[in-house]
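Working through the structure, step by step
The residues making up each chain are set out below.
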Amino acid sequence: MISENYSNLVYFSSLLPERCPKTFKGLEEVLSRYGVEFRLLQGTKDIWVRDFMPIPVFPEHLVGFTYNPDYLRDNPKYKDTITDGNEVARATGISFSSGLSGIVIDGGNFIRCGGKFIMTSKVFEENSWAQVSYLTRILEAYLCGQLVVLPWDSNETYGHVDGICRMVDNDTILMTNYSQLDRKMASRFRNILEHNFKKVHELHFDVPKLDKNSWAYINWLQTNDVLVLPKFYIPEDDQALRQISKLMPSYNGRIEMVDATDLIRYEGCLNCCSWVVEDCEDLQEVPVRL
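Residues numbered from 1 in each chain as written. Predicted model: local features only at pLDDT ≥ 70, side-chain atom pairs only at ≥ 80, totals over all residues. Heavy atoms only, no water.

Quick notes on the sheet that holds strand β15 (residues 275-278)
The strand order β2-β1-β15 describes an open sheet built from three strands, whose pairing is mixed. On the outer flanks of this sheet lie β2 (37-41) and β15, each paired with one strand and no other. Each adjacent strand pair in this sheet contributes to an overall mean axis angle of 30°, direction not counted. Alignment of strand β1 (residues 8-13) against β15, held across four bridges, turns out to be antiparallel. By the bridge assignment for β15, L9 is matched with V277. Relative to the sheet, helix α2 (residues 21-33) contacts β1 and β2, its axis offset from that of β2 by approximately 145°. (Pairing = 2+ DSSP bridges. Helix = DSSP H or I, 4+ residues; strand = E, 2+ residues; numbered from the N terminus. Axes fitted to C-alpha atoms, helices over the stretch in contact; angles between N-to-C directions. Contact = heavy atoms within 4.5 Å.)

Quick word on helix α8 (residues 183-196)
In a regular helix each residue adds 1.5 Å, so 14 residues correspond to 20 Å; α8 covers 20 Å between its end C-alpha atoms and thus fits that length. Among the residues of α8, those classed as buried are M185, A186, F189, L193 and N196. Down the axis of α8, the buried set is contained in an arc of 95°. They therefore lie on one face. Seen from the open side of α8, the exposed residues pointing more than 90 degrees away from its buried face are R183, K184 and H195. (Expected span 1.5 Å × (residues − 1). Buried < 20%, exposed > 50% of the residue type's maximum accessible area, 1.4 Å probe, protein only. Arc of directions from axis to C-beta.)

Some words on unusual backbone geometry
With a phi close to 55°, C144 is a non-glycine residue in the positive phi region. The residue C144 is located in the loop between α7 (132-143) and β8 (146-150) in this model. A positive phi angle, close to 60°, is found at Y233, a residue other than glycine. Among the structural elements, Y233 can be located in the loop between β13 (227-231) and α9 (236-247).

A look at the pattern of salt bridges
Counted according to the given criterion, the structure contains nine salt bridges. With a shortest N-O distance of 3.2 Å, R33 and E256 are connected by a salt bridge. Placement of R33 in helix α2 and of E256 in strand β14 (residues 255-259) is noted, with a sequence separation of 223 residues between them. What makes R33 partly exposed here is its relative accessible area of 47%. The buried category is assigned to E256, whose relative accessible area is 18%. A salt bridge links R39 to E37; the shortest N-O distance between them is 2.8 Å. The exposure class assigned to R39 is partly exposed, which follows from its relative accessible area of 36%. Note on E37: relative accessible area 34%, which makes it partly exposed. Taken together, the salt bridges that share partners define one network made up of E29, R33 and E256. (Salt bridge = Lys/Arg side-chain N within 4 Å of Asp/Glu carboxyl O.)

Everything listed here is a matter of geometry and, on its own, says nothing about what the molecule does.
See below:
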């Protein structure tokens with residue numbers, strides 16, 4: 001769970017209201033109703049702020065990194081959409097550690113789970129210059145936890161873990177409905193997660209034909225005050241809401257759904273387009289020992 005000792009501050013790209021007006025309108029309404037403050041980041045070249053903004057490690061500690069993913073860098077059509085999240089943070093007046101500035105990371109490939117964090121092995125592919133043991137030590141030192149590595153499903157271009165699983169509590173993980181998409185890959189994920197966490201659940205949808213967007217409910221927007229799930233106007237909507245509500249009783253009466261049909265067409269969802277930090281006045285450096 002997100003710490004309840006701080007109030008959340010949610011950032012979106014200033015491009016989001018124009019590109020995805022339905023999604024932004026729904027988010028604006030829900031967050032305002034629950035009293036969650038949100039702001040727009042200027043100077044972004046894409047809407048996926050989660051991927052390029054510094055990683056929130058602790059309430060008072062953010063860590064910047066190099067955002068230069070191969071799926072954008074090697075594609076002339078999208079190369080110009082690469083945003084320097086560190087520059088955006090500085091321009092916004094947000095302090096962060098630059099300890100991972102030489103490491104290529106996507107923020108969507110990081111899920112915090114208590115004293116552990118989960119990433120896919122794509123982080124090793126993107127930093128092939130470094131030995132796995134060395135890179136693991138660097139990541140664990142600056143991201144303050146034990147790294148749990150899931151294999152990269154190369155059929156999924158981005159290698160993001162936030163499309164695979166999310167934290168329910170420090171000992172419990174929820175996977176998306178991967179078994180309905182790729183049973184063999186799902187089994188590999190589950191074996192690793194069960195080795196590292198006490199409970200692993202998986203979404204499942206009882207429908208005649210699975211919708212191509214059914215994976216995306218796991219990519220929710222989470223704050224202390226409200227959990228926001230995407231809505232696609234398909235049978236899976238209600239089933240996802242029921243399953244997630246049952247697993248997360250602390251959000252009883254505080255789970256909402258918003259129309260994300262104009263967002264999902266860009267192949268990402270609510271966690272991808274949001275950057276949630278704690279509203280702290282004093283962001284600090286955390287001493288690191290390598």
